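Next come the chains, spelled out residue by residue.
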Amino acid sequence: MSPITRKSGFGVAQLLLFFSISILVIVVAVPVLLILFNAFWVDGEFNIGDVAKIIMEPDTYQALVNSLIIACGTTIGSTIVGTFFAWLVTRTDLPYKGFMKAMFLVPFMLPSFIGALAWKMLLSPNAGFINKFFINSLGFAGPIFNIYSYLGIVLVEVMYLFPFVFIQVCGALERMDPTLEESARISGAGLFTITRKITIPLVLPSILSGALLIMLYSMAHFGTVAVLGIENGIFNIPTLIYHKIHQSGGSFDSIRTGTVLATVLVVTAALIIWLQGKILRKGHYQIIGGKSFRPMELKLRALRVPLLALCLAYIGFTIVLPTAVIFLVGGLKTYGLAFTWENLSLNNYKFILFDYKVTRDAIWNSVTLGLSAAVITMFAGVMISYVIVKMKVRGKGILEFLGMLPFSVPGSVIALGVILAWSGKYGINLYNTVWIILVAYIARYMAFSLKANSAALEQVHDSLVEAARSCGATMWQSLRDIVLPLVRPGMLAAFFLIFLPSLRELTVSIMLYAPTTRTIGVAIYTLNEDGETVVSAALAGIALIIIIVGQSLINRFTRKAGT
Amino acid sequence: MGKGGKLLALLLVLAVSLGLAAGCGGDKKAATPAPAAGGKKLIIYTSMKESLIGGIVEGFKKKNPGIEVDYQSAGAGKLMAKIAAERQSGKILADIIWTSEVPDFYNMKKEGILEQYKTPVLKELLNPFADYDGYFTAARLGTLGIAVNTDKIKTPPAQWADLFKPEYKGAFGVADPALSGTAYMSVALLEKQFGWEFFDKLRANGARIGKGSGQVVDDTASGELAASLAVDYITNDKISKGAHIALYYPPELLLAPSPVAIFKGGQNLDAAKKFVDYLLGPEAQALIANEGTLSVRADVKSPAKFKLPDPADALKRSIKIDYVQMMATKETTIKKFTDTLQGKK
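Residues numbered from 1 in each chain as written. Chains lettered and ligands numbered in written order. Predicted model: local features only at pLDDT ≥ 70, side-chain atom pairs only at ≥ 80, totals over all residues.

## Here we look at the overall build of chain B
Within chain B, the secondary structure is distributed over 13 helices and 10 strands. When burial is assessed residue by residue, chain B has 50% of its 345 residues classed as buried. Expressed as a percentage of contacts within chain B between residues at least 6 apart in sequence, the contacts between residues at least 24 apart total 77%. (Helix = DSSP H or I, 4+ residues; strand = E, 2+ residues; numbered from the N terminus. Buried ≥ 20, exposed ≤ 12 C-beta atoms within 10 Å, placed from the backbone. Contact = placed C-beta atoms within 7 Å.)

## With respect to the overall build of chain A
What chain A contains, in helices and strands, is 24 helices and two strands. Relative to a compact globule of 563 residues, whose C-alpha radius of gyration would be 24 Å, chain A shows 25 Å and is just as compact. Among the 563 residues that make up chain A, the fraction classed as buried is 50%. Taking as baseline every contact in chain A between residues at least 6 positions apart, the subset at least 24 positions apart corresponds to 78%. (Rg over C-alpha atoms; globule rule 2.2 N^0.38 Å.)

## Regarding the packing of helix 3 (residues 58-91) of chain A against helix 8 (residues 163-175) of chain A
How two helices pack is summed up by the angle between their axes together with the distance between the axes. Residue and element names in this part refer to chain A. Between helix 3 and helix 8, whose axes approach to 8 Å, the crossing angle comes to 35°. Relative to helix 8, helix 3 is oriented so that their crossing is right-handed. Here Ser78, Thr79, Gly82, Thr83, Phe85, Ala86, Trp87, Val89, Thr90 and Arg91 of helix 3 lie close against helix 8, whose contacting residues are Pro163, Phe164, Val165, Phe166, Val169, Cys170, Leu173 and Glu174. Looking at the contact of helix 3 with helix 8, its residues break down into 11 nonpolar, five polar and two charged. (Axes fitted to C-alpha atoms, helices over the stretch in contact; angles between N-to-C directions. Left-handed = near helix turned anticlockwise from the far one by under 90°. Nonpolar A, V, L, I, M, F, W, Y, C, P; charged D, E, K, R; others polar.)

## With respect to the confidence of the model for chain B
Residues and elements named next belong to chain B. Residue-level pLDDT values for chain B average 84, and 88% of them are 70 or greater. Here helix 1 (residues 3-31) stands out as the element of chain B with the lowest mean pLDDT, 44, in contrast to strand 3 (residues 96-98), whose mean of 95 is the highest. Across residues 1-5, where pLDDT falls below 50, the model places 20 contacts with residues more than four positions away in sequence or in other chains. A low-confidence stretch, residues 14-39 stays under pLDDT 50, and its non-local contacts, those more than four residues away or across chains, total 38 contacts. Among the prediction metrics, the complex's ipTM stands at 0.77, with pTM recorded as 0.84. (pLDDT = per-residue confidence, 0-100.)

## Let's talk about the domain arrangement of chain B
Residue and element names in this part refer to chain B. As far as domains go, chain B holds domain 1 (37-140 + 258-311) and domain 2 (141-254 + 324-341). For domain 1 versus domain 2, the distance between C-alpha centres works out to 26 Å. Contacts between the two partners involve 25 residues from domain 1, matched on the other side by 19 residues from domain 2. When contributions to the side of domain 1 that touches domain 2 are tallied by element, the ones reaching two or more residues are helix 2 (50-63), helix 4 (102-110) and strand 5 (137-149). Counting residues per element, the side of domain 1 that touches domain 2 draws most heavily on helix 4, which supplies three residues. Here the residues of the side of domain 1 that touches domain 2 sort into 12 nonpolar, nine polar and four charged. (Domains from an automatic or database assignment.)

## Observations regarding the environment of glycine 331 of chain A
All names here are of chain A. With respect to the secondary-structure elements, glycine 331 resides in the loop between helix 14 (304-330) and helix 15 (347-355). Given 19 C-beta atoms within a 10 Å radius, glycine 331 is considered partly exposed. Residues in contact with glycine 331, not counting those within four places in the same chain, are Leu344, Ser345, Leu346 and Asn348.

## Notes on the nonpolar core
With 277 residues, the main nonpolar core has Val439, Ala440 and Leu539 of chain A as its most contacted residues. At 18 residues, the largest contribution of residues to this core is made by helix 16 (residues 357-390) of chain A. No fewer than three residues from each of domain 1 (37-140 + 258-311) and domain 2 (141-254 + 324-341) of chain B sit in this core. Among all residues touching alanine 440 of chain A, those that are not within four sequence positions of it are Ile414, Ala415, Val418, Val508 and Leu512 of chain A. (Core = buried A, V, L, I, M, F, W, Y, C linked by C-beta atoms within 7 Å.)

## Observations regarding helix 9 (residues 269-280) of chain B
The first and last C-alpha atoms of helix 9 of chain B sit 17 Å apart over 12 residues, in line with the 16 Å expected at 1.5 Å per residue. In this structure, the buried side of helix 9 of chain B is in contact with strand 1 (42-46), helix 2, strand 3, strand 5, strand 10 (254-263) and helix 10 (282-290) of chain B. (Expected span 1.5 Å × (residues − 1).)

## Structural notes on the pairing of strand 9 (residues 245-248) of chain B
Residue and element names in this part refer to chain B. Every second residue of strand 9 is oriented toward a common face, the buried set being Ile245 and Leu247 and the non-buried set Ala246 and Tyr248. Two strands pair when backbone bridges link them, and strand 5 and strand 9 are joined in this way by four bridges, in the antiparallel orientation. Opposite isoleucine 146, over in strand 9, you have tyrosine 248 as the bridge partner. (Pairing = 2+ DSSP bridges.)

## Let's talk about the packing of helix 3 of chain A against helix 7 (residues 150-161) of chain A
Residues and elements named next belong to chain A. At a minimum axis separation of 8 Å, helix 3 and helix 7 run at an interaxial angle of 45°. By the angle class used here, helix 3 and helix 7 are oblique. Helix-helix and strand crossings are classified by hand; for helix 3 and helix 7 the assignment is right-handed. Listed contacts from helix 7 to Ile69, Ile70, Gly73, Thr74, Gly77, Ser78 and Val81 of helix 3 are Tyr150, Ile153, Val154, Glu157, Val158 and Leu161. (Parallel < 35°, antiparallel > 145°, perpendicular 65-115°, else oblique.)

## Describing the environment of alanine 178 of chain B
Here alanine 178 of chain B is to be found in the loop between strand 6 (172-174) and helix 5 (181-194). The exposure class of alanine 178 of chain B is buried, given the 20 C-beta atoms found within 10 Å.

## Here's the deal with the pairing of strand 8 (residues 227-231) of chain B
Residue and element names in this part refer to chain B. Strand 8 sits mainly inside the fold: five of its five residues count as buried. Burial of strand 8 is two-sided: the residues Ala227, Leu229 and Val231 facing one way and the residues Ser228 and Ala230 facing the other way are all buried. Examined bridge by bridge, strand 6 and strand 8 share two bridges and lie parallel to one another. Its bridge partner being in strand 8, glycine 173 is matched across the sheet by serine 228.

What follows is the structure, given as structure tokens:
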């Protein structure tokens, strides 16, 4: 290769690196830095005392405590539920295990704020359908459960978050080498000893890593607390940030409180990610690829039917019942009427799909935003991953560090950060336009794209390219015919990993929306806030249909592509 | 890094830019629904709900076939935030604003962004503003009453003090004044009339803060609340759909005028003036009255089924308040109200 081409090649590498770094700096690093800057610098001076003062304010302090209570409760609950069901579907002779496993993953698809809406309809103290049933038909004196409480919030979050643990533990239990257990059994250990000394230590890293994921998610989760908590004055960090920003119309004091709260979120998130990395590193020797073995199945005997009933009841109670309520309420003429044929119709559904501008706009916005964010983030993700995984340029370390950032920045932090960065202070004002949501989505979903694309790129061994080159292919040919086709599944995965969640996104867009730029999530939330309960339920129903159809199309599609 | 690597790199860069461009194309449509050439389209920002604004815009279009109209309906707070952002970037996109937050209008007048327009129909109207000077004109007289769930409350409330009775214990709701302009208005009016003692007593009887001004009504319809402080047309809309609620007005009437104003410097000034005249005319006012709220025309009566007070009479018996002062004390009033009802005081 002549020195000239080498030189220009180096130029392109630098260019790529430069592009990659600038994308990450602009969309992720700058917003986060601005939050930290605004939290700690007052009038150009570093002032940590002021930060402490803000944290000690009763409202803020309470929100921090609430976030912690809710996150811990949710984590513990989800871990128990997720581990139990994972064990049930992998290590016992429970009937219909395949179906059950698929059903336990359904809550992944359901947006938890829609779940919260459904549970509000079912269990609000005086009007919830379940509570009313107990009071009116069974003669109870008062409501059996008040969903507007810490316990209510935690239970709803557990219902929709436990799959994080479930899927991790399922994977670990399936991959675990059964000979370890067998040898213990041969040496005379009982089931209890085996479970305690072999199984649990082996699966523990997966359980903990799933639990930490839930903790991270719950700390920064807006929807459930917004729907169920605000009325009783239960705020967590994201809902308080939202409330402050909303109330103030942008006054500096509330934005500063927001930045301090966001800083706490960032620090907690970083801590959680660090812990998770540590646990996973420590546990890596334990995950053993014993894929040719079938683990021992515990015979449930007499418990088989009751446990099956328990699983079915759980699925019916957490998935079927809320979904049915959403669709039924969506069909009512007005909220509060009984579910009788004369009160039910498809009019609300027709109204939101064809006549109502707000919902039509919202659907259009969510779809275009989702598509744009997915396409942009997919390509940017390939480029950045390519630089990180395959290229050898100086300055790559910065990029690797920046690439870690999107994983640890919660949605409400990104939203606050883009408000600080893009509301005209630095020349460009995107606030109240659809662009600011797009920028925030790119930042929020970059992590998914990086993960999927670098996983795909890492599987492409350099020897494949070298083999092609030694057969006489040019670099370009080898890339086009070998690398790109191999990476394509990763790119597609990234696209869908971004497109589908963005359709139901609420945490980010609720902070950034303007009258013209509602997303589906925002429309459902604001319609509910406005007391259009039946219309918001109908829109939630439509959103569920879109999400479920989309997900099953993708499942079919990726299965085909995989074979 | 060879030639191919370069190409791939360039391709990727190109793809990203293309992706950006494609994204832009798609989104522009979403952001501003097909702006007509030269900004001839009349744009209205309003906090009126779909049921109210939709019919009025249709009627206006029918009368003025040459004028294109578009509207955005959202809470007053959101609209003001959007207008503030638009001002920062140099141009307010809307031609007309019509909400129920009277203090906002005094504010905008002070900041000089409103066009003065003394409508020729003014003398036919009921005018709640003593200092009227043409910068904004009331286009609707919103009333707030007590909405009760008819399954739960059998004796209709006759006065505000009835809310301290045991039947309302733990089951009376007021919308969050931080979210809803009308809720803030009613809190300020009630405080003016009865003092903070009124809210202390509400708290003692377990009154609750809800979310938006519509949600408390829906919660009343569902039975979650026995009663709520409710906006007229939202309640009447649900009553006409069959909800088990009824709306009652104590003697001290809560009246929230909804002013309409034209922004200065718009390119559609003539069309905007036409719209304001239409909105204040008998046809649009009849539409307003038919939605279950009060017209600003004494000659347009609301249908009898709503049992609304007579507009002129309502204006007379309403609680009066100084809007300019109300604007200044907004934050403290809301904070005090929230603290009182949540028992943090």
